[in-house]
Structure formats: C-alpha cells, structure tokens
Amino acid sequence: HITGSCSCNSIRYQLTGSIKKVVNCHCDNCKKMNGSAISTYAAVLDSDFEITQGEVKQFSISDKASKHFCGDCGTPLFNTNVKYSGLKILHIGSLNSMNELTPDVNIYNESQVDWLADVNNMPSLKQKPNSDNATSCASRQLTWSDFGFH
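This structure is a prediction, so every number in the text was calculated from the model and none was measured.

To continue, consider the environment of Y13. If you trace the backbone, Y13 turns up in strand β2 (residues 12–15). Given a relative accessible area of 1%, Y13 falls into the buried group. Y13 sits 41 residues away from G54 along the chain, and the two C-alpha atoms are 9.0 Å apart. Polar contacts involving the side chain of Y13 include one to the side chain of S94, which spans 2.6 Å.

Below you can see the structure in the form of structure tokens.
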C-alpha cells in the first residue's frame, strides 16, 4: 500500500488502489492556498483512500472546493471538489514516498510563473553535503552565507 501522513504524524492514511493521475497545477487559487508557485497533486478514487489515524480538519475554499489538513501541524493532505466527485486530490508532499511518481500533465499553464521554466538552471544547495537524499530540512541549517549574503 502507498501511505502518507502529515508532518507531525498525527494523521496517517493509506491508498488501497492506484494513483490515477499526477498533476502540476499552476492556478492562482492553488498558489495562494498552498503558498507556493506550483502545486503537485496525485488523484485517487475516494474508495481507494483511507485515514488510518487521526482526524482531518476541513476548510471550505468555495461552495465547491475544500482543503483538508492536519489541525495540529497544518500540513495540507488533500483537496475535494464537486467538479471531481469521487476523487481525492492528494498533496503529493503528504505521501511518504513520491520519488517513483512523475507528473502526467501541467494544468492552468496560463498562470505559470515566468521563472519556473528556468528553475533547473538556478544554483542548487544540497541540504546534506555529499547527499542526494534529504529527509528533513531541520537536519541542516542553511545560513545567509549559503545564499551569497555576508
């Protein structure tokens, strides 16, 4: 089973079926709601999603859409929308393993931030020196000098 959780592990879930699609959303609503330039989601059937621990909080974004999250740590877990009845739209970062997933499609590209096309050309700083697998940003403190400020 594919599993997921919030940051504090108060809420845990599992998938009993497959992920149907992985989507990068560039819409302005998701940017504002998630505080990021892009939101990546995994769509699963409601019937394939099970909360195994904890109680999810809900915030109605509109009369059609709701955001579901951990009330303790604030981690966004999934969205629901009457437009996509029968689906849970999981925040991909809440999955315990996502490396094997690749987005299938970009949606609402007209709202994509201009700099996103060049993100792979930007300087990159690893969280852990000599590591390709960072697990927690709390494990290494980046300082202003890491970003070129002195």
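After that view of the structure, there is still more to cover.
On to the packing of aromatic side chains. Inspection of every chain in the model, using the stated rule, returns 2 aromatic pairs. Considering the side-chain rings of Y13 and F49, the 5.0 Å spacing of their centres and the 40° angle between planes classify their relative orientation as tilted. Highlighted residues: Y13 in strand β2 and F49 in strand β5 (residues 49–53), separated in sequence by 36 residues. Residue F49 is classed as buried on the basis of its relative accessible area, which comes to 11%. Taking 5.0 Å as the distance between ring centres and 65° as the angle between the ring planes, the aromatic pair formed by F49 and F78 counts as edge-to-face. Note that F49 is positioned in strand β5 and F78 in strand β8 (residues 76–81), a separation of 29 residues in sequence. Note on F78: relative accessible area 5%, which makes it buried.

Time to look at the sheet that holds β2. Read from one edge of the open sheet, 3 strands run β1-β2-β5, paired in antiparallel fashion. Each of the sheet's edge strands pairs with one partner strand only, and the pair in question is β1 (2–5) and β5. The mean inter-strand angle of the sheet, taken between neighbouring strand axes irrespective of direction, is 25°.

This brings us to the nonpolar core. One finds Y13, L15, I19, F49, L90 and L95 to be the most contacted residues of the largest nonpolar core, which totals 15 residues. At the level of secondary structure, the elements contributing two or more residues to this core comprise β2, β4 (39–45) and β8. The residues touching L95, leaving out its near neighbours within four places in the chain, are I2, T3, G4, Y13, I19, A42, L90 and L101. Within the second largest apolar cluster, 7 residues are counted, among which are C27, C30, A43 and I89.

Moving on: the sheet that holds strand β7 (residues 65–70). One open sheet holds the 7 strands; their spatial order is β6-β7-β8-β9-β4-β3-β10, and the pairing between them is mixed. A strand with exactly one partner marks an edge of an open sheet, and here the two such strands are β6 (56–60) and β10 (105–107). Recorded for the sheet is a direction-independent mean angle of 30° between the axes of neighbouring strands. Where strand β3 (residues 21–25) meets β4, 5 bridges bridge the pair, whose relative direction is antiparallel. Bridge pairing links N24 to T40 in β4.

Our focus in this paragraph is the side chain of S111. As for its placement among the helices and strands, S111 is situated in the segment after β10. Classification of S111 as buried rests on a relative accessible area of 18%. Not counting the four nearest positions on each side in its chain, S111 is found in contact with H26, C27, D28 and K31.

Parameters at a glance
- Residues numbered from 1 in each chain as written.
- Predicted model: local features only at pLDDT ≥ 70, side-chain atom pairs only at ≥ 80, totals over all residues.
- Heavy atoms only, no water.
- Helix = DSSP H or I, 4+ residues; strand = E, 2+ residues; numbered from the N terminus.
- Buried < 20%, exposed > 50% of the residue type's maximum accessible area, 1.4 Å probe, protein only.
- Polar contact = N/O pair within 3.5 Å; in protein donor to acceptor, adjacent residues only side chain to side chain.
- Phe/Tyr/Trp six-rings, centres within 6.5 Å; stacked < 30°, edge-to-face > 60°.
- Pairing = 2+ DSSP bridges.
- Axes fitted to C-alpha atoms, helices over the stretch in contact; angles between N-to-C directions.
- Core = buried A, V, L, I, M, F, W, Y, C linked by side-chain atoms within 4.5 Å.
- Contact = heavy atoms within 4.5 Å.

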